[in-house]
Amino acid sequence: MKEQGFEPAGHDCCMYVRRDDEGNPTLIIVAYVDDCIVISPPEQSYDRDSFVKTFNSKYEIVDQGDLSWHLGVSYERNREKGWLKAHQERYVINSLEKFGMEGCNPKKTPLPSGVKTYKATDGNLCS
(Lines give C-alpha, C1' and ligand atoms only; values in the text may rest on other atoms or scores of the structure.)
Protein backbone atom coordinates (compact mmCIF):
# COMPACT_ATOMS: atom_id res chain seq x y z
CA MET A 1 0.00 0.00 0.00
CA LYS A 2 2.86 2.38 0.77
CA GLU A 3 4.30 2.05 -2.74
CA GLN A 4 0.89 3.22 -4.02
CA GLY A 5 1.10 6.32 -1.80
CA PHE A 6 -1.19 5.15 1.01
CA GLU A 7 -0.68 5.76 4.72
CA PRO A 8 -2.47 3.97 7.58
CA ALA A 9 -5.42 6.05 8.80
CA GLY A 10 -4.32 5.68 12.44
CA HIS A 11 -7.77 5.32 14.00
CA ASP A 12 -8.51 2.09 12.12
CA CYS A 13 -5.85 -0.55 11.51
CA CYS A 14 -7.59 -1.72 8.33
CA MET A 15 -7.98 1.71 6.70
CA TYR A 16 -5.48 3.36 4.38
CA VAL A 17 -5.66 6.85 2.89
CA ARG A 18 -3.97 8.44 -0.12
CA ARG A 19 -3.99 12.25 -0.10
CA ASP A 20 -3.36 14.97 -2.67
CA ASP A 21 -0.74 17.73 -2.27
CA GLU A 22 -3.15 19.77 -0.11
CA GLY A 23 -3.75 16.84 2.25
CA ASN A 24 -7.27 16.05 1.02
CA PRO A 25 -8.16 12.35 0.79
CA THR A 26 -8.32 11.16 -2.82
CA LEU A 27 -8.72 7.47 -2.12
CA ILE A 28 -9.59 5.43 0.98
CA ILE A 29 -9.10 1.66 1.18
CA VAL A 30 -10.71 -0.41 3.91
CA ALA A 31 -9.21 -3.91 3.89
CA TYR A 32 -10.07 -6.97 5.94
CA VAL A 33 -8.27 -10.17 4.92
CA ASP A 34 -9.42 -10.55 1.30
CA ASP A 35 -12.32 -8.08 1.33
CA CYS A 36 -11.70 -4.45 0.39
CA ILE A 37 -13.76 -1.33 -0.03
CA VAL A 38 -12.37 1.39 -2.31
CA ILE A 39 -13.81 4.84 -1.60
CA SER A 40 -13.20 8.01 -3.57
CA PRO A 41 -14.91 11.36 -4.05
CA PRO A 42 -16.80 11.55 -7.38
CA GLU A 43 -14.23 13.92 -8.83
CA GLN A 44 -11.51 11.34 -8.11
CA SER A 45 -13.10 8.44 -10.02
CA TYR A 46 -10.06 8.30 -12.33
CA ASP A 47 -7.81 7.79 -9.28
CA ARG A 48 -10.06 4.95 -8.12
CA ASP A 49 -10.10 3.26 -11.52
CA SER A 50 -6.32 3.64 -11.86
CA PHE A 51 -5.78 2.09 -8.41
CA VAL A 52 -8.07 -0.87 -9.16
CA LYS A 53 -6.25 -1.51 -12.45
CA THR A 54 -2.81 -1.35 -10.80
CA PHE A 55 -3.91 -3.47 -7.84
CA ASN A 56 -5.46 -6.01 -10.20
CA SER A 57 -2.13 -6.37 -12.04
CA LYS A 58 -0.58 -7.69 -8.79
CA TYR A 59 -3.51 -9.51 -7.21
CA GLU A 60 -6.55 -11.23 -8.63
CA ILE A 61 -9.48 -9.04 -7.67
CA VAL A 62 -13.12 -8.66 -8.63
CA ASP A 63 -14.59 -5.16 -8.77
CA GLN A 64 -18.21 -5.61 -7.71
CA GLY A 65 -19.23 -2.01 -8.35
CA ASP A 66 -21.12 0.06 -5.81
CA LEU A 67 -20.97 -1.19 -2.23
CA SER A 68 -24.03 -3.18 -1.23
CA TRP A 69 -22.71 -5.87 1.15
CA HIS A 70 -19.48 -6.16 3.16
CA LEU A 71 -18.63 -8.43 6.11
CA GLY A 72 -22.25 -9.08 7.03
CA VAL A 73 -23.34 -5.45 6.74
CA SER A 74 -25.82 -4.37 4.08
CA TYR A 75 -25.48 -0.89 2.54
CA GLU A 76 -28.12 1.21 0.84
CA ARG A 77 -27.29 4.53 -0.80
CA ASN A 78 -29.25 7.42 -2.24
CA ARG A 79 -26.83 9.69 -4.13
CA GLU A 80 -29.52 12.28 -4.93
CA LYS A 81 -30.46 12.76 -1.27
CA GLY A 82 -26.89 12.25 -0.05
CA TRP A 83 -27.36 9.41 2.43
CA LEU A 84 -25.82 6.02 3.08
CA LYS A 85 -27.54 3.49 5.32
CA ALA A 86 -25.64 0.57 6.88
CA HIS A 87 -27.55 -2.15 8.67
CA GLN A 88 -27.53 -5.84 9.65
CA GLU A 89 -31.22 -6.55 9.18
CA ARG A 90 -30.63 -9.91 7.42
CA TYR A 91 -28.27 -11.04 10.22
CA VAL A 92 -30.84 -10.16 12.89
CA ILE A 93 -33.66 -11.93 11.02
CA ASN A 94 -31.50 -15.04 10.52
CA SER A 95 -30.50 -15.05 14.21
CA LEU A 96 -34.11 -14.74 15.35
CA GLU A 97 -35.16 -17.59 13.04
CA LYS A 98 -32.24 -19.75 14.21
CA PHE A 99 -33.32 -19.47 17.84
CA GLY A 100 -37.07 -19.59 17.21
CA MET A 101 -37.63 -15.98 18.24
CA GLU A 102 -39.36 -14.58 15.13
CA GLY A 103 -42.34 -13.48 17.24
CA CYS A 104 -40.35 -11.86 20.03
CA ASN A 105 -41.19 -8.38 21.30
CA PRO A 106 -38.62 -5.78 20.23
CA LYS A 107 -37.13 -3.37 22.71
CA LYS A 108 -36.25 0.19 21.69
CA THR A 109 -33.26 0.55 24.05
CA PRO A 110 -30.54 -2.03 23.42
CA LEU A 111 -28.55 -0.94 26.50
CA PRO A 112 -29.78 -0.65 30.06
CA SER A 113 -30.80 2.90 30.95
CA GLY A 114 -28.13 4.87 32.77
CA VAL A 115 -25.15 3.36 30.92
CA LYS A 116 -22.46 6.02 30.57
CA THR A 117 -20.50 6.23 27.35
CA TYR A 118 -17.15 7.94 27.03
CA LYS A 119 -15.53 9.78 24.15
CA ALA A 120 -12.24 8.27 22.99
CA THR A 121 -9.36 10.54 23.97
CA ASP A 122 -6.65 8.93 21.81
CA GLY A 123 -7.27 9.19 18.07
CA ASN A 124 -4.87 6.33 17.29
CA LEU A 125 -6.59 3.16 18.46
CA CYS A 126 -4.24 0.83 16.55
CA SER A 127 -1.10 1.27 18.62
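So, how was this worked out
- Residues numbered from 1 in each chain as written.
- Predicted model: local features only at pLDDT ≥ 70, side-chain atom pairs only at ≥ 80, totals over all residues.
- Heavy atoms only, no water.
- Phe/Tyr/Trp six-rings, centres within 6.5 Å; stacked < 30°, edge-to-face > 60°.
- Helix = DSSP H or I, 4+ residues; strand = E, 2+ residues; numbered from the N terminus.
- Buried < 20%, exposed > 50% of the residue type's maximum accessible area, 1.4 Å probe, protein only.

Quick look at the packing of aromatic side chains
This structure, assessed with the given rule, holds three aromatic pairs. Consider the rings of Phe51 and Phe55, whose centres lie 5.2 Å apart with planes at 25°: the pair is stacked. With Phe51 and Phe55 both in helix α1 (residues 45-58) and four residues apart, the pair spans about one turn of that helix. You can call Phe51 buried: its relative accessible area is 3%. Here Phe55 and Tyr59 contribute two aromatic rings whose centre-to-centre distance is 4.9 Å and whose plane-to-plane angle is 40°, an arrangement assigned as tilted. Judged by its relative accessible area of 21%, Phe55 is partly exposed. Site record: aromatic cluster; members linked through ring pairs are Phe6, Phe51, Phe55 and Tyr59.

In short, geometric facts, not functional conclusions.
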